[in-house]
Amino acid sequence: MINWLLILNTLTQVGILACAVMAAFSKKLFSSVLFLGGCGAFVALEFLILHAPDVAIAEGAVGAVLGTALFFIALKHVVKEGKQ
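Residues numbered from 1 in each chain as written. Predicted model: local features only at pLDDT ≥ 70, side-chain atom pairs only at ≥ 80, totals over all residues. Heavy atoms only, no water.

1. Points about the packing of helix 1 (residues 4-25) against helix 2 (residues 29-49)
Here helix 1 crosses helix 2 at 160°, and the two axes come no closer than 8 Å. Between helix 1 and helix 2, the crossing angle belongs to the class labelled roughly antiparallel. When the axes of helix 1 and helix 2 are compared, the crossing they make is left-handed. Of helix 2, the residues touching helix 1 (which contributes Leu5, Leu8, Asn9, Thr12, Gln13, Gly15, Ile16, Cys19, Ala20, Met22 and Ala23) are Ser32, Phe35, Leu36, Gly38, Cys39, Phe42, Val43, Leu45, Glu46 and Ile49. (Axes fitted to C-alpha atoms, helices over the stretch in contact; angles between N-to-C directions. Helix = DSSP H or I, 4+ residues; strand = E, 2+ residues; numbered from the N terminus. Parallel < 35°, antiparallel > 145°, perpendicular 65-115°, else oblique. Left-handed = near helix turned anticlockwise from the far one by under 90°. Contact = heavy atoms within 4.5 Å.)

Written as structure tokens, this is what we have:
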């Protein structure tokens, strides 16, 4: 019998690892920030699989959305100052 929850859990963990590795080895900062946002989304999904919806909502809001937005804002300011 196929245990779908185990398969989904494994795929989510592979997604977290893949996004983290791609964020670390990406040559462009824009891509790194996107991969970190994807990593936060996978972590939120993992918390949801582990039956922790309150933590999943917090991670989805802060880790995936707010953290990514703050990184993009900081990246925009750094790029503006670097061109002057």
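There is more to say, and it comes next.
2. Side note on the environment of Ala56
By secondary structure assignment, the location of Ala56 is in helix 3 (residues 53-83). Given a relative accessible area of 9%, Ala56 falls into the buried group. (Buried < 20%, exposed > 50% of the residue type's maximum accessible area, 1.4 Å probe, protein only.)

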